[in-house]
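# Structural features, examined
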2 protein chains.
Amino acid sequence: MITIKEIAKRASVSIGTVDRIIHNRGGCSEKTRQKVTKIIEETGFKPNVMASHLVKSRSYAIGIVMPFPYQNDNFWELSRTGIERGRSSFPHFDIKIKYYFYNRYADLTFFTVFEQAMGDGNDGLLIAPVLSLPAQEMLQKHKTDIPMVFFNASLPDSSIASFVGQDCFMAGMTVGRLMSILTGNEGNIALIDISPEDYHINIRAQGFEQFFAGNARIQIHRFSMPNSEDFSDFESLCTTIHDQLPDLKGMFIPNASTYRFAQAIDRIPFKNKVFIIGYDLIKENIECLKQGKIEFIINQQPIRQGIEALTILMNHIIHREVDRKELLLPIEIVARENLDSFTNIIRP
Amino acid sequence: MITIKEIAKRASVSIGTVDRIIHNRGGCSEKTRQKVTKIIEETGFKPNVMASHLVKSRSYAIGIVMPFPYQNDNFWELSRTGIERGRSSFPHFDIKIKYYFYNRYADLTFFTVFEQAMGDGNDGLLIAPVLSLPAQEMLQKHKTDIPMVFFNASLPDSSIASFVGQDCFMAGMTVGRLMSILTGNEGNIALIDISPEDYHINIRAQGFEQFFAGNARIQIHRFSMPNSEDFSDFESLCTTIHDQLPDLKGMFIPNASTYRFAQAIDRIPFKNKVFIIGYDLIKENIECLKQGKIEFIINQQPIRQGIEALTILMNHIIHREVDRKELLLPIEIVARENLDSFTNIIRP
DNA sequence: GCAATTTTCGTGTACGTAAACAATTTGCAA
DNA sequence: TTGCAAATTGTTTACGTACACGAAAATTGC
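Report follows, based on the coordinates. Just so it is clear, the model here is predicted, and its values are computed rather than measured.

## Looking at the relation of the copies chain A and chain B
In summary, the two copies of the chain are related to each other by a rotation about an axis coupled with a shift along it. Its rotation angle being 180°, the transformation that places chain A on chain B also includes 0.2 Å of axial translation and leaves an RMSD of 0.4 Å. Taken together, the rotation and translation describe the operation of a two-fold axis. Taking the C-alpha atom as reference, chain A places Met50(A) closest to the rotation axis, 2.1 Å from it. The overlap is high: 98% of the interface residues of chain A also sit at the interface in chain B, so the same surface is used on both sides.

Right, dumping it as C-alpha cells:
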C-alpha cells in the first residue's frame, strides 16, 4: 500500500506539500496541486486510518437529533441503544455523543433543537427527521458542511445526506401479504390511522392498501386515532370498530402502539379471532406477541440503524467520504417462534 | 486513555520492559512482571490498536475451511461473498485469505483439508463444520492455539471456538408457524429429508415437527431424497408424493434445493395449491419466490455470517480476545414483498 | 575474587500521518 | 537591481507501540 512519502517522492515534493494538498488546506501552487492530485488518483492512495488517527487522537463530537426517547412507547430508546452500541464499536476513538431531543408533536421544538445542534460545533450529526417538512425547511436554510446522516426517517431530497432505514412502502406491502394469508384473503380489516403528521407511518399504510388494491374480497376500513397517551381512548376506538364491524378479521397498526390495540381487542368479544399485525419490538409488543395477542411484528431494526448510521457518519468524518448512500435495512417479520432470535442475539 | 509510557513511569521501569510483559515474551524478572501486571490490571490498560497495528503492519493469513462453493446449489458462494465483504471492512489490514474446500459428502476430504489449513501457518481459521462428527474428532486430536471461529454450523462442544449462525430448531419452529397459517392449520404436509448426514438440516426438520406435536389436524409425512444433482430425481419424488397424497397442502424443504421441488410441484396437478417453504436466498429460489412458486424462504444470512465471523476472528487475533461467543443471527422470514429489502440493501 | 555467562532491563528506531515551524522562492514596487 | 512581503515548499516533531540491539546487573564457574 502506497504512502504519503512515496507520493512525495514521485512528485518530487516534500511530504508536507502532499499533506497540504490531501487536506486541501491551501498554501500551495495550482501546478503542484494538480501534479500531486494526479499521482494520488493514479495510485489510488488512501490515507492510513491508523496513522492518521494515531497522530490526531482527538475526540469527536457527535450530535443526535431525535424525538424524546420515551415519547412514543419508548421506541426511540432502541435507536439510542443502537447508537451507543455503534459508539462502542469504535474503541480508541473518543466519541462524545450529545443528544438533542425534540417533541415530535411540536414543530417548533425541532427548529430550536436543530439550531442548537448546529451551533454546538459538532463534528457530525445523526438526525431522525420524523417531522419531514420542518426538517426539510431547516436544512435548506442552513447550508452546512457538517457531515450528516439521517436515520429511521428520510427526506424526499436524498442528496443532502446518507440515510439508514427501511423501505416503508414495501414494509406495508409485506404486512398486506401476511394479513392476506392470516385472514384467508377475505373479510373486513381495520387499518389504524395514527400520528397523521408522520410521513413514514402513512407510507406504510399506503403500501398495505396497495397490496389489496383491486381485491374485492377484502375490505379495508381506515380508523383515525387521535394522538393520545390515554388507554381508554384505545379501548373506545376498538369498541367503535366492534360496533361497525363485529366480524372484523384483522387489524394493522403501523407503529409501536400496537400492543395498546391488542390489549383492547382482547377484551372485546369479536365474532372471529382478530389477527393483529403491528410494528416494532418494544417490550409491550414482545409480551403480546408471546401471548398470541399479536400475530406478527415488523421490525425496523432500530438498533442496527443506530450502529450503521454512526458507522457511516464516522467514515464520513474520518475518511472524508462524501458519497451519499442509502442503506435500506431488511424488512424483518417477527412471529412468536423467531422472536428470541431478534432479542437474544449474543450468547456469552 | 492510559499508555504504555505512563505504565512504565508508574512502575518505574522502561517502556521496553512493559512491552515485554504485555506480550509475555520473557526476559524479565518475576518481581517486575507482577508489579507491572498489577498496574495494568488496576488501570485497565488496553494497547492502542492503531499504534500497534501501525508498527506491525504485517499481513494476516486466514484460512477458510468450508464445502465447495458450488456443490450445493451454490449456497456456499454466499458465505464466501460475506467473508470477502468482511475482509474489505478491514482496510489497511492486509488480510490474506486462503480457502480450503472440502467435499461435504466425503468425510475424508475434510480431514485432508483441515490438516492442510492447520499446517499452513495461518493466523486464524474460519470453519464451517457441516460434517459435525469428523470435525469434532479432528479438533480433539489437534489441540491448537490458532484462533478459530465456526460459522453456519456449530459443534456440540461450543467451548472450543466462537460460533456465528442460526438457531436451527427455532427456525424449524418458525416454518411450522408459517405453514400452519398457510394451510389453515389442517391437511397433509410433506417434509423432505435431505442430506441426512447434515446435523443442522435435521434439526430444522425436528423443529418443524415439534411445532405440530399433538396437533391431530395436521399430518406430517417425511420423504427421503437421495443426494443427487439429477433434476429428474426431484421430479420423480414429487410424483411419488402426488400418488400418495393428492390433496397435499404444504411442503417444507429444509435446505437450498427448495427451487427444484417448487419447479417439480408446479408441473404436477395436485388438488389444492401446494404451499412451499424453503431455505436460502440463492438466485433460483429468489426467482421461484417472485413467481409465487415458493411462499416463504428462511434466510440464514450467509453474507452477514461471513462478515461477523471474520470480524470476531480478527478481534481474536488483533486484541487477543479469547472469550468464546455465540452469535445467533435473526431468523429472517422472506416473502415476495420484502424480498428486495434483503437483496438490494445498499443503494448508491 | 575475577572473568565469563546469563538474566534483566533501557534506548533507539520505525510505522504513516498531521501540523507547527522554518526555509525557500516568487512577485512586485521602489 | 534591490528590498521586502507574500506565497510556496521543506523539515521536524509527535502520536503509541513493537522490537532489535546493547548496556547493566545478577549469576555462575573456577
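So, next bit.
## Some points on the packing of helix H2 (residues 15-22) of chain A against helix H3 (residues 30-43) of chain A
Residues and elements named next belong to chain A. Close contact between H2 and H3 brings their axes to 10 Å; oriented N to C, the two are set at 80°. By the criterion of interaxial angle, the relationship of H2 to H3 is roughly perpendicular. Together, Val18, Ile21 and Ile22 of H2 and Thr32, Arg33, Val36, Thr37 and Ile40 of H3 make up the contact between the two elements. In terms of residue class, the contact of H2 with H3 is made up of five nonpolar, two polar and one charged.

## Brief notes about the protein's contact with DNA strand D
Taken together, 24 residues sit near DNA strand D, with Ser14(A), Gly27(A), Ile4(B), Asp19(B) and His23(B) positioned nearest. Near-protein atoms of DNA strand D (within 4 Å) split between backbone and bases, with sugar and phosphate holding 66%. One of the side-chain N or O atoms of Asp19(B) is found 2.8 Å from a phosphate oxygen in DNA strand D. With respect to DNA strand D, the side chain of His23(B) contributes an N or O atom lying 2.8 Å from a phosphate oxygen. Elements that contribute at least two residues to the surface near DNA strand D include exactly H2 and helix H4 (49-56) of chain A together with helix H4 (49-56) of chain B. Class assignment for the residues of the surface near DNA strand D results in ten nonpolar, ten polar and four charged.

## Let's talk about the layout of surface pockets
For the second largest pocket, the calculated volume is near 1,500 Å³. Among the elements of the structure, helix H1 (4-11), H2, H3, H4 and helix H13 (302-319) of chain A together with H4 and strand S2 (94-102) of chain B are those that each provide at least two residues to the lining of the second largest pocket. No other element matches H4(A), which puts six residues into the lining of the second largest pocket. Considering only residue class, the lining of the second largest pocket consists of 19 nonpolar, twelve polar and ten charged.

## A short note on the pairing of strand S3 (residues 124-127) of chain B
As a general feature of sheets, a regular strand has side chains that alternate between the two faces. Because side chains alternate across S3(B), one face comprises the buried residues Gly124(B) and Leu126(B), and the other comprises Leu125(B) and Ile127(B), equally buried. Taking the sense of rotation as the criterion, the β-α-β connection linking S3(B), helix H7 (residues 132-141) of chain B and strand S4 (residues 148-152) of chain B turns out right-handed.

## Observations regarding the interface of chain A and chain B
Residue-level contacts link 41 residues of chain A with 40 residues of chain B. Summed over the shared surface of chain A and chain B, the result is two salt bridges. For Arg177(B), the salt bridge identified is with Glu337(A), shortest N-O distance 3.0 Å. The interface formed by chain A and chain B includes eight residue pairs in polar contact (both at pLDDT 80 or more). Counting only elements with at least two residues in the side of chain A that touches chain B, the list comes to H4, helix H8 (168-182), strand S11 (326-328), strand S12 (332-334), helix H14 (339-343) and strand S13 (346-347) of chain A. For the side of chain A that touches chain B, the element with the most residues is H8(A), which contributes seven residues. Looking at the side of chain A that touches chain B residue by residue, the class counts come to 26 nonpolar, six polar and nine charged.

## Remarks on the protein's contact with DNA strand C
Taken together, 23 residues lie near DNA strand C, and Ile4(A), Asp19(A), His23(A), Ser14(B) and Ser29(B) sit nearest. Counting only the atoms of DNA strand C within 4 Å of the protein, the fraction contributed by sugar and phosphate is 66%. Thr32(B) places a polar side-chain atom, nitrogen or oxygen, 2.9 Å from a phosphate oxygen of DNA strand C. Listing elements by their share of the surface near DNA strand C, those giving two or more residues are H4 of chain A together with helix H2 (15-22) and H4 of chain B. Considering every element that reaches the surface near DNA strand C, the biggest residue donor is H4(A), with four residues. Of the residues that constitute the surface near DNA strand C, the class distribution is nine nonpolar, ten polar and four charged.

## Quick word on the sheet that holds strand S10 (residues 296-299) of chain A
Where strands meet in a sheet, backbone hydrogen bonds hold them as pairs that are either parallel or antiparallel. Residue and element names in this part refer to chain A. The mixed open sheet is built from six strands, whose spatial order is S7-S6-S8-S9-S10-S12. Across the chains shown, the open sheet's two edge strands, defined by having one partner strand only, are strand S7 (218-225) and S12. Put simply, the sheet's adjacent strands are angled 20° from each other on average, direction ignored. Sitting on the sheet, H8 touches strand S6 (187-194), strand S8 (250-252), strand S9 (275-279), S10 and S12, and the angle it makes with S9 is about 165°.

## A few points about the pattern of salt bridges
Enumeration according to the criterion identifies 40 salt bridges over all chains in this entry. Linking Lys38(B) and Glu42(B) is a salt bridge whose minimum nitrogen-to-oxygen distance equals 3.4 Å. Here Glu42(B) and Lys38(B) lie together in helix H3 (residues 30-43), a separation of four residues that amounts to about one turn. Owing to a relative accessible area of 53%, Lys38(B) belongs among the exposed residues under this scheme. Of the charged contacts in the structure, one is a salt bridge between Lys293(B) and Asp266(B), with a shortest N-O distance of 3.8 Å. Pair noted here: Lys293(B) is in the loop between helix H12 (283-291) and strand S10 (296-299) and Asp266(B) is in helix H11 (residues 258-266), with a separation of 27 residues, a long-range link. Among the charged side chains, a network of salt bridges with common partners joins Glu6(A), Lys9(A) and Arg10(A).

Rules and cut-offs
- Residues numbered from 1 in each chain as written.
- Chains lettered and ligands numbered in written order.
- Predicted model: local features only at pLDDT ≥ 70, side-chain atom pairs only at ≥ 80, totals over all residues.
- Heavy atoms only, no water.
- Least-squares fit on C-alpha atoms with pLDDT ≥ 70 in both.
- Contact = heavy atoms within 4.5 Å.
- Axes fitted to C-alpha atoms, helices over the stretch in contact; angles between N-to-C directions.
- Helix = DSSP H or I, 4+ residues; strand = E, 2+ residues; numbered from the N terminus.
- Parallel < 35°, antiparallel > 145°, perpendicular 65-115°, else oblique.
- Nonpolar A, V, L, I, M, F, W, Y, C, P; charged D, E, K, R; others polar.
- Near = heavy atom within 4 Å.
- Polar contact = N/O pair within 3.5 Å; in protein donor to acceptor, adjacent residues only side chain to side chain.
- 1 Å grid on protein atoms, 1.4 Å probe; cavity = no way out; pocket = protein on both sides within 12 Å on 5 of 7 lines; lining within 4 Å.
- Points joined across faces, edges and corners; volume = space filled by probe spheres on them.
- Buried < 20%, exposed > 50% of the residue type's maximum accessible area, 1.4 Å probe, protein only.
- Right-handed = clockwise from strand over helix to strand, strands pointing away.
- Salt bridge = Lys/Arg side-chain N within 4 Å of Asp/Glu carboxyl O.
- Pairing = 2+ DSSP bridges.

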